[in-house]
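# Observations on the three-dimensional arrangement
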Amino acid sequence: MQKDFINKLFSLEGKTVLVTGAGRGIGQVVARDMARAGANIAIFSRSGADETVRIIESEGGKAISIIADCTKAEEVKDGMKKILDAYGRLDVVFNNAGICYHKGIFEATYEEFRELIDINLTGEYIVAVEAARVMIELGCKGSIINMASISGTVAMTPQKQAAYNASKAGVMQMTKSLALELADHNIRVNSISPGYIATPMSVDPDFVEPELMAAWEPLMPMHRMAKPEELVGAIIWLASEASSYTNGIDVIIDGLYTAI
Ligand SMILES: NC(=O)c1ccc[n+]([C@@H]2O[C@H](COP(=O)([O-])OP(=O)(O)OC[C@H]3O[C@@H](n4cnc5c(N)ncnc54)[C@H](O)[C@@H]3O)[C@@H](O)[C@H]2O)c1
């Protein structure tokens, strides 16, 4: 009996994983847990992710923080070089960095719309393309996991967030297109679509008014948001050999939100 079968199937041992926007929130928890699964972690963030690196190193893992704005191709390319200097390879990307704002179509400026699309969609595109370039050059079998959202499938309510919803729908379709173009290079591309996850983006009272949180509750059939930890299993599955024939799909993790 191979008692370590599951460990081996889902292991990230020896893989280099890039997580973007991992200074806090979902990215921080996923980076920590991918390190627990054996990965060497690199983080792209705009202002440093020292706390995440400290958490991973305190558990005996390896992590580096690289300052790189995902919307800036030159910073992303430079970041890729830093990953190769540190680890010599790149196997997995968790393309997580993103922003959200709640403003109606007559309140948000066109500049705000463009900025959100630039971060949530163009930023993920730049990171995916530059990562694929590196993976192909090195001959690494890759897995890219893009962060979408159920907002890409349903228009969330009652908050007004047209730009965010559009960006996440774009991520899902971009994922399929990237997967098709990269299939011949042994690089798989999938996305995840979480429902409400308790992070600064969704529970910070400076960002989400208490009345809005109260309005969300009846729309959640499981009557709660998820913890970031509840996304980790799906992400490790998509990153590992366990999902070797899973390509171009979107995995919904929403506690039934879109089922009703
Ligand atoms: N929290 C939720 O309910 C929820 C649900 C579905 C999807 N998501 C998505 O999950 C991802 C992470 O969200 P979170 O809830 O952890 O939010 P968060 O605000 O806690 O984390 C997002 C991180 O991305 C970073 N970031 C933003 N723009 C960047 C850029 N240009 N370059 C590098 N880093 C950048 C931010 O600085 C921040 O550290 C986002 O893409 C978000 O849209 C969140």
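Everything here concerns the structure above.
Residues numbered from 1 in each chain as written. Predicted model: local features only at pLDDT ≥ 70, side-chain atom pairs only at ≥ 80, totals over all residues. Heavy atoms only, no water.

## Some thoughts on the packing of aromatic side chains
Formally: Paired rings are identified among Phe, Tyr and Trp, the last through its six-membered ring, by centres lying within 6.5 Å, and are further divided according to the angle between planes into stacked (under 30 degrees), edge-to-face (over 60) and tilted (the rest). Runs of E in the DSSP output that reach at least two residues are strands. Runs of H or I that reach at least four are helices, and both are numbered from the N terminus.
Evaluation of the coordinates by the stated rule reveals two aromatic pairs. Both rings, one in Tyr 196 and one in Trp 216, keep their centres 4.0 Å apart while their planes meet at 25 degrees; by these two values the pair is stacked. Here Trp 216 lies in helix 8 (residues 210-216) and Tyr 196 lies in the loop between strand 6 (187-194) and helix 7 (200-203), a separation of 20 residues in the sequence. Judged by centre distance (5.8 Å) and plane angle (80 degrees), the rings of Tyr 196 and Tyr 257 are edge-to-face. Taken as a pair, Tyr 196 in the loop between strand 6 and helix 7 and Tyr 257 in the segment after strand 7 (250-253) lie far apart in primary sequence, 61 residues in all. The rings of Tyr 196, Trp 216 and Tyr 257 are connected pair by pair, giving a single aromatic cluster.

## Considering the site of the ligand
Our working rule: The near set for a molecule or strand comprises every residue that places at least one heavy atom within 4 Å of it. Contacts described as polar in this section are N or O atom pairs within 3.5 Å, which, within protein, must combine one atom able to donate a hydrogen with one able to accept it, while residues neighboring in sequence count only if both atoms come from side chains.
Around the ligand, 26 residues are found, and the nearest of them are Arg 24, Ile 26, Asn 96, Tyr 164 and Thr 199. One nitrogen or oxygen atom from the side chain of Arg 46 is found 3.4 Å from a nitrogen atom belonging to the ligand. A distance of 2.8 Å separates an oxygen atom of the ligand from a polar atom in the backbone of Asn 96. Taken together, the elements giving at least two residues each to the shell around the ligand come down to helix 2 (25-36), helix 6 (162-182) and helix 7.

## Some details on helix 9 (residues 232-239)
Defined as follows: When accessible area is computed with a 1.4 Å probe and restricted to protein chains, residues below 20% of their type maximum are described as buried, those above 50% as exposed, and intermediate ones as partly exposed. Residues count as neighbours in contact if any of their non-hydrogen atoms are within 4.5 Å of one another.
A large share of helix 9 lies buried, amounting to six of its eight residues. Of all the residues in helix 9, the buried ones are Val 232, Ala 234, Ile 235, Ile 236, Leu 238 and Ala 239. Elements in contact with the buried residues of helix 9: helix 1 (5-10), helix 2, strand 4 (92-95), strand 5 (142-147), strand 6 and strand 7.

## Here's the deal with the nonpolar core
Applied cut-off: Here, nonpolar core refers to any group of buried Ala, Val, Leu, Ile, Met, Phe, Trp, Tyr and Cys residues whose side-chain atoms link them within 4.5 Å.
In this structure, Val 19, Met 34, Ile 41, Phe 94, Ile 145, Ile 192 and Ile 235 are the most contacted members of the largest nonpolar core, which totals 33 residues. The set of elements that each furnish at least two residues to this core consists of strand 1 (16-20), helix 2, strand 2 (40-45), helix 3 (50-58), strand 4, strand 5 and helix 9. Discounting residues that sit within four places of it in the chain, Ile 145 has contacts with Val 92, Val 93, Phe 94, Asn 95, Asn 190, Ile 192, Ile 235, Leu 238 and Ala 239. Counting residues in each nonpolar core, the second largest holds 28 residues, with Met 80, Val 93, Ile 144 and Ile 187 among its members.

## A short note on helix 5 (residues 110-138)
Put simply, the rule reads: Here, expected helix span is obtained from the residue count minus one, scaled by 1.5 Å. Bend is computed residue by residue as the angle between axes fitted to the seven residues ending at the residue and the seven residues starting at it.
The terminal C-alpha atoms of helix 5 lie 40 Å apart, and with 29 residues this matches the ideal 42 Å at 1.5 Å per residue to within 8%. Its axis deflected by about 35 degrees at Asp 118, helix 5 carries its strongest bend there. Just beyond helix 5, the residue with positive phi is Gly 139, at close to 70 degrees.

## Focus: the sheet that holds strand 6
Note the threshold: Only when DSSP finds a minimum of two bridges between them are two strands counted as paired. Between N-to-C directions, angles span 0 to 180 degrees; the directions come from axes that are lines fitted to C-alpha atoms, helices contributing only their stretch in contact.
A sheet is described by the order of its strands in space; here seven strands give the open sequence 3-2-1-4-5-6-7, paired in parallel fashion. Edge strands, defined here as strands with exactly one partner in the open sheet, are strand 3 (62-67) and strand 7. Each strand axis lies, on average, 20 degrees off the axis of its neighbour in the sheet, ignoring direction. In this structure, strand 4 lies alongside strand 5, joined through four bridges in parallel fashion. Within strand 5, the residue paired with Val 93 across the bridge is Ile 144. Running at roughly 170 degrees to strand 3, helix 3 makes contact with strand 2 and strand 3 of the sheet. The strands touched by helix 9 are strand 4, strand 5, strand 6 and strand 7; relative to strand 6, the strand with the most contacts, the crossing angle is about 170 degrees.

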